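Listed below are the residues making up each chain.
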Amino acid sequence: MADYGGMIRNWFVSLCYIMRSLIFRILSVGPIPNHIAFIMDGNRRYSKKHNLGQGDGHKAGFIALMSLLKYCYELGIKYVTIFAFSIDNFRRHPAEVQYVMDLMQDKMEILLKETTIVHDYGVRIHFVGDLKLLPTPVRLAAEKVMRATANNNRTVLFVCVAYTSLNQIIRAVEEACHEKIIKIDDCINYKDEEVIMEVDIEKYADMAVAPDPDILVRSSGETRLSNFLLWQTSNCMLYSPKALWPEMSLKHIVWAVLDYQRHYLFLEKQRKKKMKQL
Ligand code: IPE
Ligand code: MG
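This write-up is about the structure you can find in this document. All of these numbers come straight from a predicted model, not from anything done at the bench.

A look at the packing of helix α1 (residues 4-27) against helix α3 (residues 56-75)
Now for step 1: Close contact between α1 and α3 brings their axes to 10 Å; oriented N to C, the two are set at 50°. In this view, α1 runs oblique relative to α3, as classed from their interaxial angle. Regarding α1 and α3, the two cross each other, and that crossing is right-handed. For the pair α1 and α3, the contacting residues are Tyr17, Arg20, Phe24 and Leu27 in the first and Lys70, Tyr71, Glu74 and Leu75 in the second.
Now for step 2: When grouped by side-chain class, the residues that make up the contact of α1 with α3 number 5 nonpolar, no polar and 3 charged.

Okay, here's the thing in C-alpha cells:
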C-alpha cells in the first residue's frame, strides 16, 4: 500500500524548502551577515511551560539549534557561534550539570554521523573555552569533533563551553605575556616587546580566525550579555526575541537579518573607524 503519510511529509518538507529558498533570495538582495552568535536561553522555562521532564527543554533546544544552524548556513552566513555552557553554569545543581554534559557528549557523537548538517554544509567545529574544566569524556569527545572536522572549510561553528569572556581574555593576556617574555629574553632591543597591544590579545583569542559577530541573538527576551563575547561585540546588533530557545524559528533569523540590514551602513562606518584605530 502506498505510504501516503510519508508522501505528504516529503511534499511538505519540499514546499518548506522552496518557500525558505525564496525568502533567502529576497534577503540576499541586501548584505548578509558574516557571523551570527546565539545565547541559547530559556530551555528550562520551556520545560516548565510544557510540563516536560527535567532536561527535556535542553533536548528540545538541541533540535531548535539544528534547524537554526541549517537556516544560517543556507542563507550564506559563514560563521555561527553558540553559547552552550558558561563556567558559571557549573554552579547549577550537580544533577543538571551532569545531564547537560551527558547530552553534549551524546550530541557530539551524533554530529559526526554522515547524515548531519556538519557533512551537508561542510562545518568546521571549534570548541571555545577553558576545556580543561570539562569532564574528561566530554573534553575528549570535543577534541575528537574538532579533529574530525578540521578539514571542513565551507562554514564554521564555534561552540562556547566552559566559557566566559573574562576567562578567555585572561587566558589570551597570559599567552601574549608569555610570548613577550620569550622575545624579551631573546632580544637586545626589546622596547616594542614591553607593551601588550590589542593585536597581541586578539592573536591569542580562541576565535581569532573569525570576524567579530554582526548579530548577537539572545532568546527568551533577556538583554544581558552574561559574560559572552564581550571583546568581540563592541560593534554588533543585539536582537532579543521573546521566544524561549526551543521556540526559535526561521522568522527570528529573518527578522534578525532584516534588522542588521537596516543598520548596515552605520555598522560599516563604525567598523571602518575601528580598523583605522588599530
Ligand atoms: C540555557 O537555558 C542552557 C544552558 C545554560 C545549558 P537555561 O538552562 O538557562 O534555561 P532557563 O533560562 O533557566 O529557562
Ligand atoms: Mg537561563
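Examining the pattern of salt bridges
Now for step 1: For the structure on display, the rule yields 18 salt bridges.
Now for step 2: Between Glu109 and Lys144 there is a salt bridge whose closest N-O contact spans 3.9 Å. One end of the pair, Glu109, is in helix α4 (residues 94-111); the other, Lys144, is in helix α6 (residues 136-148), with 35 residues separating them in the sequence.
Now for step 3: Residue Lys144 is classed as partly exposed on the basis of its relative accessible area, which comes to 40%.
Now for step 4: Between Asp259 and Arg262 there is a salt bridge, with the nearest N and O atoms lying 2.9 Å from each other. Of this pair, Asp259 and Arg262 both sit in helix α9 (residues 250-262), 3 residues apart, which is roughly one turn of that helix.
Now for step 5: Among the charged side chains, a salt-bridge network with shared partners connects Asp41, Arg45, Arg218, Glu222 and Arg224.

The rules behind each value
Residues numbered from 1 in each chain as written. Chains lettered and ligands numbered in written order. Predicted model: local features only at pLDDT ≥ 70, side-chain atom pairs only at ≥ 80, totals over all residues. Heavy atoms only, no water. Axes fitted to C-alpha atoms, helices over the stretch in contact; angles between N-to-C directions. Helix = DSSP H or I, 4+ residues; strand = E, 2+ residues; numbered from the N terminus. Parallel < 35°, antiparallel > 145°, perpendicular 65-115°, else oblique. Left-handed = near helix turned anticlockwise from the far one by under 90°. Contact = heavy atoms within 4.5 Å. Nonpolar A, V, L, I, M, F, W, Y, C, P; charged D, E, K, R; others polar. Salt bridge = Lys/Arg side-chain N within 4 Å of Asp/Glu carboxyl O. Buried < 20%, exposed > 50% of the residue type's maximum accessible area, 1.4 Å probe, protein only.

Treat this as a map of the structure, not an account of what it does.
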